[in-house]
There are 2 protein chains.
Amino acid sequence: MVNQRADPCRQSCRSDSSGTSNSGESSKESSRCSTPVLDADRTDRLREKMRRRIESGDRWFSLEFFPPRTTSGAVNLISRFDRMGSGGPLFIDITWHPAGDPGSDKETSSMMIASTAVNYCGLESVLHLTCCKQTKEKITDHLTKAKRLGLKNIMALRGDPIGADWEEEVGGFSYATDLVKHICSEFDHYFDICVAGYPTGHPEAENYKADLLHLKEKVDAGADFIVTQLFFRAETFLTFVKDCRAIGINCPILPGIFPLQGYHSLRQLVKLSKLEVPEEITRVIEPIKDNDAAIRNFGVQHAVEICKVLLASGEVPGLHFYTLNREVATMEVLRQLGLWAEDPRRPLPWAISAHPKRKVEDVRPIFWATRPKSYIYRTQDWDDFPNGRWGNSSSPAFGELTDYYLFYLKSKSPREALLKMWGEELTSEQSVYEVFTNYITAQPNHNGHKVMCLPWNDDPLAPETNMLKEDLEKVNRRGVLTINSQPNINGKPSSDPVVGWGPPGGYVFQKAYLEFFTSSENVNALLKVLKKYEPRVNYHIVNVQGKNITNAPDMQPNAVTWGIFPGREIIQPTVVDPVSYMYWKDEAFTLWIEQWGKLYEAESPSQMIIQYIHDNYFLVNLVDNDFPLDSCLWQVIDSMFELIDAPPEPFDQEAE
Amino acid sequence: MVNQRADPCRQSCRSDSSGTSNSGESSKESSRCSTPVLDADRTDRLREKMRRRIESGDRWFSLEFFPPRTTSGAVNLISRFDRMGSGGPLFIDITWHPAGDPGSDKETSSMMIASTAVNYCGLESVLHLTCCKQTKEKITDHLTKAKRLGLKNIMALRGDPIGADWEEEVGGFSYATDLVKHICSEFDHYFDICVAGYPTGHPEAENYKADLLHLKEKVDAGADFIVTQLFFRAETFLTFVKDCRAIGINCPILPGIFPLQGYHSLRQLVKLSKLEVPEEITRVIEPIKDNDAAIRNFGVQHAVEICKVLLASGEVPGLHFYTLNREVATMEVLRQLGLWAEDPRRPLPWAISAHPKRKVEDVRPIFWATRPKSYIYRTQDWDDFPNGRWGNSSSPAFGELTDYYLFYLKSKSPREALLKMWGEELTSEQSVYEVFTNYITAQPNHNGHKVMCLPWNDDPLAPETNMLKEDLEKVNRRGVLTINSQPNINGKPSSDPVVGWGPPGGYVFQKAYLEFFTSSENVNALLKVLKKYEPRVNYHIVNVQGKNITNAPDMQPNAVTWGIFPGREIIQPTVVDPVSYMYWKDEAFTLWIEQWGKLYEAESPSQMIIQYIHDNYFLVNLVDNDFPLDSCLWQVIDSMFELIDAPPEPFDQEAE
């Protein structure tokens, strides 16, 4: 895997059907597959994924989140999606808070959070939608927008009426059943629909039996699966499932699991859900109610026990977790159950967007490897994704750079923290080199602060980079400011925990890649050195004005990551593409000014140094095509330094 | 390279520009390349190829042929195209004989021979066209047809009028210049145009000077290059070139080289061309006129000497050979000059068709590897070629099987010869196994005849197959009747003389492949064995009725040959594709009946045996996906035999 990158968005494909699919008979009429890399799991609807998992006996989990109140809360939640997404949930769902303008374009709206989860985090997502006190037109508007944003699943809810004066509405929706019918009829079964089940009966229902019949109505109206309200005893749920089956409810029913995380959250939840907490629980927690850690420990153990009973019953294909936007307790429960994907297999080296339009996407330029959300954003208007072959794409232009300052691309650190990492005051280009060097070494700078991120790298160096750390440190110290790199790989198994991806039984390969900013003096020496590495090393060297020096044959893309799998075509998910490099360079240079230079006062010496680098440095990428041999790229950089260090006359002769 | 194949169509790309193209500046406006594998050489017009070669100082040769009189002559000529094409001519040209219905669809017409050279042999070809005594409409018809067939180059000639009563024609063409103008204006410069030059002046021209001016007119009218009439002294040509340049003829001028091959052909040529044979030649050959070998030796030496002088002059970018449809003398001259590509580099593992529509073709199913002309014929109506990815193609169906008995797909051997190879009389399936075994071992059969071909294999086993010969012999002897195979290759250099292809500096890979007919009893055992090789081995097992047993995931194609090159995307030119396999199987089974069974009398025991195999055997293909390991396919076959040989009870238990 790429070494100067963290890859928090790793997407699970634990249940992919792989190359070992069953024998079967078929005739020449069989339609051809449209794309070779993708497991059916990637293109299936959520209900199909569930069906497959149920058939194969592969249990899943899902995670519920609520929209945050603030923009910084949204940035944090999206990081949490990336982290919790790596454990391999089948889906996540986002609740709908009618009071919070949930369908708006605000960064904190349910709609935008769900859209971000799908498009940028690559998570199969379910958007809640409540119909109480809403006109049909308004609901249709929400659904239309959801569809446009790539959302494919709706949790259809009535929602709580405000106050106790609820009555049937005329021309609106009185029950979730009406909403289910509306979604099915107006959107022609485009959406998969989830509805809520109440293991102890809805608090407002006449009785348990009547509530079960309401649930049956919802399913008969078109709901695909059921998620239940939380409950405290496994047998509550199992009885409920039995009763559902008895009246002909046959769809998947997922238990809502609530790992107790604190005394107050329990009290609040109980108040809202009108549930009674069983005596065996209150008896344990009342004495420890001021000890959050003890309550959480109890909550985890209690949830694990319930889940074990549920899973052992054979009635439960998947578990639904009410996370309360926290991760520790839920992850711990899932780990103890063995459901958390500790080392998730990746279908591709990069996290796949879950937008249906991007289903077929299977190749990306390497440049955005550390900024995948920016890449997705800048290509969101593409109708057609380079499909198997980058070079053959006639994709439209990249989105404007000015548009891409999405809230979730903003740095998570405040200005003060960045100044501490990147320097309150810069005195020379050398002080910039030190920042890069400190980032690589993960050593504190002279003020005692560790450099945890750079404008081009949101996260600390990935652990697997350690093997290159020494080389990276050496070159950064001398002004080869690295922002992206990957080692060469000559046929490691696709199951390799560090560099593996794709279906089992395959082999993955990489060409060594190095990308950095450096001065024009260095570039002059580098070009002399590179002459000796033709055609082994391909390079693209550009400055902010667009001067572009390259030896790419006919401006063709160079595949730098590929995989060979049983029974499949070759997959080449990452390329160095000369055309998109010109778009990337604009973004990469702009980050100097926007994320670093602007930390300082206008025209201050510090800002002038960043501006100078922006104006005068080159962005260089190097590919060593000889992937079976040790990478020669460090040798290239060493030779460049040697050329610079040697007295001037001898080279001039040599260079002529 | 595929081991059970000869590959006579190897196409040279000696001058390809490879990954070492020059550095250059470019901006993001640069258009994307449409296809990664193809060197500019493949898509350029002939005049562009010449320009490139002249710029790089890379000398070429070209070969002239005339259309044959008989169908069997045509079959032989096309084999010669394949053999002589392997030496790397820049182009070949086909003469136009007005008396022989040259524009017709006859197998021997100039038009069809040139079309075959382009489409099936992959040779850049120039079609001669004479305009004398032709209406403009007729000429336009010929050109329209040539364009439709994929021909891109015309040698525009006046042609010899019949008898001496030539006069300017009204409403027709009087001179080649008129034809050049007509081609340019009616076809909007679609065709590259060659015209004839006469180093000693056209026999009918007023004088040498007037003839030079005629030539200038032809060039000014739009001709792209000149091929000269033959001559006997190098200085004749060099003076001619100097005189051409002096009056402003700047296009390439190619000397017509005539390696003397016999006394009578010389006399006839001299009579037709009205040339005088210099005294220094007649002095040598008159005494040896009855000794063909001696004359040919002299002819070769004389041609080599002239060519050396021409090439040394620096005025000659390429040599044009009048082959008289023979190969020995011309090949010998080219070998001595070092122009013959002894070990031609192949741009792809299969010979590329030169039809402009197929420019972008870069992947084919492996099944037709031994019958590439059949594949081209059966896909000739496709508008779109699978481009980089077979699976993504929405190509139309394969052409009907009933159409494909093109004359050049017919066996070159007469019925008697085939009977001697394949058995005058078959007594059992075992006698068929022996034929296959004798083909593999290249040992004479019990009647003393070597089996030089099989219905599925036109040529004897390629030499590189020797490494597999022992295994192939063993399995064929027991009724695993192999028709196609390739060994696994784990990253050999693209320059490897046996398995290499593509631009220099790359690495090529193969998955082991084996394809054979075998009985249903064997298939039953094989299927049990294959269960132990999941997912390592992919298989497709079909019978003539279309029963299809496969473990291909989702009917996806499996890439079995691919290459990694500097600065390029991955190339995967050969796939095992489940869909096209169903078309291939129809062809493969039909060959039993059409090429073998029909040799025997209707309902004779021999024919019944072939019919039985056709009706009851399965066609099996196996791919070992674990290309870095030694192929397991022989082990699979061995285990199949072991299962068959063992006493029945134990396996039945084992198999349950």
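The residue numbers shown here count from 1 along each chain, following its written sequence. Here chains are named by letter from A upward and ligands by number from 1 upward, in the order in which they appear as written. Where local features are concerned, this predicted model is filtered to residues with pLDDT of at least 70; where side-chain atom pairs are given and counted, the filter is 80 or more; whole-chain, interface and lining totals use all residues. Computation of side-chain values covers all heavy atoms of the structure but excludes hydrogens and water.

- Taking an unreviewed UniProt entry as the reference, chain A is identified by name as Methylenetetrahydrofolate reductase (NADPH) belonging to Electrophorus electricus.
- UniProt positions are given in the numbering used here, feature names are shortened, and annotations may be inferred rather than shown by experiment. Among the UniProt annotations of chain A, the heading Sequence similarities (unreviewed entry) holds the following wording: "Belongs to the methylenetetrahydrofolate reductase family."
- Per UniProt, chain A carries the Function (unreviewed entry) text "Catalyzes the conversion of 5,10-methylenetetrahydrofolate to 5-methyltetrahydrofolate, a cosubstrate for homocysteine remethylation to methionine. Represents a key regulatory connection between the folate and methionine cycles."

**Brief notes about the overall build of chain A**
Okay, step 1: Numbering of helices and strands starts at the N terminus; helices are DSSP runs of H or I of at least 4 residues and strands are runs of E of at least 2. Each helix and strand in chain A was counted, giving 21 helices and 19 strands.
Okay, step 2: When each of the 656 residues of chain A is scored for burial, the buried share is 61%.
Okay, step 3: Contacts are assigned to residue pairs with any non-hydrogen atoms lying within 4.5 Å of each other. Taking as baseline every contact in chain A between residues at least 6 positions apart, the subset at least 24 positions apart corresponds to 75%.
Okay, step 4: By element, 49% of the accessible surface of chain A is carried by carbon and sulfur atoms, the whole surface being about 25,900 Å². Only protein chains enter the calculation, and the probe is 1.4 Å; a residue is then buried if its accessible area is under 20% of its type maximum, exposed if over 50%, and partly exposed in between. Using the Shrake-Rupley algorithm and a 1.4 Å probe, accessible areas are obtained, with residue cover drawn only from the displayed protein chains.

**Here we look at the environment of Tyr 175 of chain A**
Okay, step 1: In this fold, Tyr 175 of chain A is placed in the loop between β5 (153-157) and α6 (176-186).
Okay, step 2: Taking the C-alpha atoms as reference, Tyr 175 of chain A lies 9.1 Å from Lys 218 of chain A; in sequence the two are 43 residues apart.

**With respect to the sheet that holds strand β9 (residues 318-322) of chain A**
Residue and element names in this part refer to chain A.
Okay, step 1: Here, a strand pair is defined by DSSP locating no fewer than two bridges between the strands. Spatially, 8 strands are ordered β2-β3-β4-β5-β6-β7-β8-β9 in a closed barrel, and the strand pairing comes out parallel. Each adjacent strand pair in this sheet contributes to an overall mean axis angle of 30 degrees, direction not counted.
Okay, step 2: Pairing of strand β2 (residues 60-65) with β9 involves 5 bridges; the strand directions are parallel. The residue of β9 that forms the bridge with Ser 62 is His 320. Think of each axis as a best-fit line through the C-alpha atoms, taken over the contacting stretch in the case of a helix, with angles from 0 to 180 degrees between the N-to-C directions.

**Quick word on helix α11 (residues 292-313) of chain A**
Residue and element names in this part refer to chain A.
Okay, step 1: To estimate how far a helix should extend, the number of its residues minus one is multiplied by 1.5 Å. For α11, built from 22 residues, the straight-helix expectation of 32 Å at 1.5 Å per residue is met to within 8% by its first-to-last C-alpha distance of 31 Å.
Okay, step 2: Taken residue by residue, α11 has Ile 295, Phe 298, Gly 299, Val 300, His 302, Ala 303, Val 304, Ile 306, Cys 307, Leu 310 and Leu 311 as its buried positions.
Okay, step 3: Elements in contact with the buried residues of α11: α8 (234-246), β8 (253-257), α9 (263-273), α10 (279-285), β9 and α12 (328-337).
Okay, step 4: Looking one or two places after α11, you find Gly 314, whose phi comes out positive at around 80 degrees.

**Structural notes on the packing of helix α3 (residues 71-85) of chain A against helix α4 (residues 110-119) of chain A**
Residue and element names in this part refer to chain A.
Okay, step 1: Look at α3 against α4: their axes get within 11 Å of each other, and the N-to-C directions meet at 35 degrees. The two elements α3 and α4 cross, and the hand of that crossing is right-handed. Residues Ala 74, Leu 77, Ile 78 and Phe 81 of α3 pack against Ile 113, Thr 116 and Ala 117 of α4.
Okay, step 2: Each residue is assigned to one of three groups, with Ala, Val, Leu, Ile, Met, Phe, Trp, Tyr, Cys and Pro labelled nonpolar, Asp, Glu, Lys and Arg labelled charged, and all others, Gly among them, labelled polar. When its residues are assigned to classes, the contact of α3 with α4 shows 6 nonpolar, 1 polar and no charged. The hand of a helix crossing depends on one turn: near helix anticlockwise from the far one by less than a right angle means left-handed, and clockwise means right-handed.

**Details of the side chain of Ser 109 of chain A**
Okay, step 1: Along the chain, Ser 109 of chain A turns up in the loop between β3 (91-94) and α4.
Okay, step 2: Aside from chain neighbours lying at most four places away, what touches Ser 109 of chain A is Pro 67, Asp 101, Pro 102 and Ser 104 of chain A.

**Quick word on the packing of aromatic side chains**
We describe a pair of aromatic rings using the distance from one ring centre to the other and the angle between the two ring planes.
Okay, step 1: Working definition: rings of Phe, Tyr and Trp (its six-membered ring) pair if their centres are within 6.5 Å, and the pair is stacked with planes under 30 degrees apart, edge-to-face with planes over 60 apart, and tilted otherwise. What the rule picks out here adds up to 51 aromatic pairs over all chains.
Okay, step 2: With centroids separated by 5.0 Å and ring planes inclined at 65 degrees, the aromatic side chains of Phe 65 of chain A and Phe 81 of chain A adopt a geometry described as edge-to-face. On the criterion of sequence distance, the pair formed by Phe 65 of chain A in strand β2 and Phe 81 of chain A in helix α3 is long-range, its members being 16 residues apart. Of the two residues examined, Phe 65 of chain A and Phe 81 of chain A, each falls in the buried class.
Okay, step 3: A ring pair is formed by Trp 422 of chain B and Trp 596 of chain B, whose centres lie 5.3 Å apart and whose planes are at 40 degrees; its orientation type is tilted. Here Trp 422 of chain B, found in helix α14 (residues 415-422), pairs with Trp 596 of chain B, found in helix α18 (residues 578-596); they are 174 residues apart in sequence, far enough to count as distant.

**Structural notes on the sheet that holds strand β12 (residues 489-493) of chain A**
Okay, step 1: On the basis of which strands lie adjacent, the open sheet formed by 5 strands has the order β10-β18-β17-β13-β12 (chain A) and mixed pairing. The sheet terminates laterally at β10 (364-365) and β12 of chain A, the two strands that pair on one side only.

**Things to note about the pattern of salt bridges**
Okay, step 1: Any carboxyl oxygen of Asp or Glu within 4 Å of a side-chain nitrogen of Lys or Arg constitutes a salt bridge here. One pass over the full model with this rule turns up 55 salt bridges over all chains.
Okay, step 2: The residue Arg 45 of chain A makes a salt bridge to Asp 192 of chain A at a minimum N-O spacing of 2.5 Å. Note that Arg 45 of chain A is positioned in the loop between α1 (40-43) and α2 (46-56) and Asp 192 of chain A in strand β6 (residues 192-197), a separation of 147 residues in sequence.
Okay, step 3: The class for Arg 45 of chain A is partly exposed, based on a relative accessible area of 30%.
Okay, step 4: Arg 80 of chain B is the partner of Glu 327 of chain B in a salt bridge, and the nearest nitrogen-oxygen pair spans 2.8 Å. Pair noted here: Glu 327 of chain B is in the loop between β9 (318-322) and α12 (328-337) and Arg 80 of chain B is in helix α3 (residues 71-85), with a separation of 247 residues, a long-range link. Note on accessibility: Glu 327 of chain B and Arg 80 of chain B belong to one class, buried.

**A short note on the confidence of the model for chain A**
Residues and elements named next belong to chain A.
Okay, step 1: Of all residues in chain A, 86% have pLDDT values of 70 or greater, and the mean over the chain is 85.
Okay, step 2: A residue's pLDDT is the predictor's confidence in that residue, given on a scale from 0 to 100. Between the elements of chain A, mean pLDDT differs from a low of 36, seen in strand β1 (residues 24-25), to a high of 98, seen in strand β19 (residues 618-624).
Okay, step 3: Confidence drops under a pLDDT of 50 for residues 5-38, and excluding neighbours within four residues, the segment shows 121 contacts in the predicted structure.
Okay, step 4: This prediction of the complex comes with two scores: 0.82 for pTM and 0.79 for ipTM.

**Quick word on α18 of chain B**
Residue and element names in this part refer to chain B.
Okay, step 1: An ideal rise of 1.5 Å per residue puts 27 Å on 19 residues; α18 measures up with 26 Å between its terminal C-alpha atoms.
Okay, step 2: Bend, in this description, refers to the angle at a residue between axes fitted to the seven residues ending there and the seven starting there. The sharpest bend along α18 reaches about 30 degrees and sits at Thr 590.
Okay, step 3: The buried count for α18 comes to 17 of 19 residues, which makes it a mostly enclosed element.

**A few points about the pairing of strand β4 (residues 125-130) of chain B**
For a regular strand, side chains alternate in direction, first toward one face of the sheet and then toward the other.
Residues and elements named next belong to chain B.
Okay, step 1: β4 sits mainly inside the fold: 6 of its 6 residues count as buried.
Okay, step 2: Of the two faces of β4, the one holding Ser 125, Leu 127 and Leu 129 and the one holding Val 126, His 128 and Thr 130 are both buried throughout.
Okay, step 3: Examined bridge by bridge, strand β3 (residues 91-94) and β4 share 3 bridges and lie parallel to one another. By the bridge assignment, Asp 93 is partnered in β4 with Val 126.
Okay, step 4: As for the winding sense of the linkage, the β-α-β connection from β3 through helix α4 (residues 110-119) to β4 is right-handed.
Okay, step 5: Pairing analysis gives 5 bridges linking β4 to strand β5 (residues 153-157), with the strands arranged parallel. Paired with Leu 127 across the strands is Ile 154, a residue of β5. Handedness of a crossover is defined as follows: orient the strands so they point away from the viewer, and if the path from the first strand over the helix to the second runs clockwise, the crossover is right-handed.

**Some points on the environment of Ser 62 of chain A**
Residues and elements named next belong to chain A.
Okay, step 1: Residue placement: Ser 62 occurs in strand β2.
Okay, step 2: Considered as a pair, Ser 62 and Thr 482 are 420 residues apart in the sequence and their alpha carbons are 38 Å apart.
Okay, step 3: The residues contacting Ser 62, other than those within four sequence positions of it, are Pro 89, Phe 91, Leu 319, His 320 and Phe 321.
Okay, step 4: Polar contact is the term for a pair of N or O atoms within 3.5 Å; when the atoms are in protein, one must be able to donate a hydrogen and the other to accept it, and sequence-neighboring residues count only if both atoms are side-chain atoms. Only 2.7 Å separates the side chain of Ser 62 from the side chain of His 320, close enough to count as a polar contact.

**With respect to the environment of Trp 340 of chain B**
Residues and elements named next belong to chain B.
Okay, step 1: Turning to its location among the elements, Trp 340 is positioned in the loop between α12 and β10 (364-365).
Okay, step 2: Taking C-alpha positions, Trp 340 is 26 Å from Ser 110, a pair spaced 230 residues apart along the chain.
Okay, step 3: In this structure, Trp 340 is in contact with Phe 61, Arg 83, Met 84, Ser 86, Gly 87, Met 331, Leu 334 and Arg 335, ignoring residues within four places of it in sequence.

**Notes on the side chain of Glu 124 of chain B**
Residue and element names in this part refer to chain B.
Okay, step 1: For Glu 124, the position within the fold is in the loop between α4 and β4.
Okay, step 2: A distance of 2.6 Å separates polar atoms of two side chains, one belonging to Glu 124 and the other to Lys 49.
Okay, step 3: For Glu 124, the side chain forms a polar contact with the side chain of Asn 153, separated by 2.7 Å.
Okay, step 4: Not counting residues within four places of it along the chain, the set of residues in contact with Glu 124 comprises Asp 44, Leu 46, Lys 49, Leu 90, Phe 91, Ile 92, Lys 152, Asn 153 and Ala 354.

**A short note on unusual backbone geometry**
Residue and element names in this part refer to chain A.
Okay, step 1: A cis amide bond, omega -10 degrees, links Glu 534 with the succeeding residue Pro 535.
Okay, step 2: By the element assignment, Pro 535 lies in the loop between α17 (520-530) and β15 (537-543).
Okay, step 3: One non-glycine residue with positive phi stands out, namely Asn 325, at about 60 degrees.
Okay, step 4: For Asn 325, the position within the fold is in the loop between β9 and α12.

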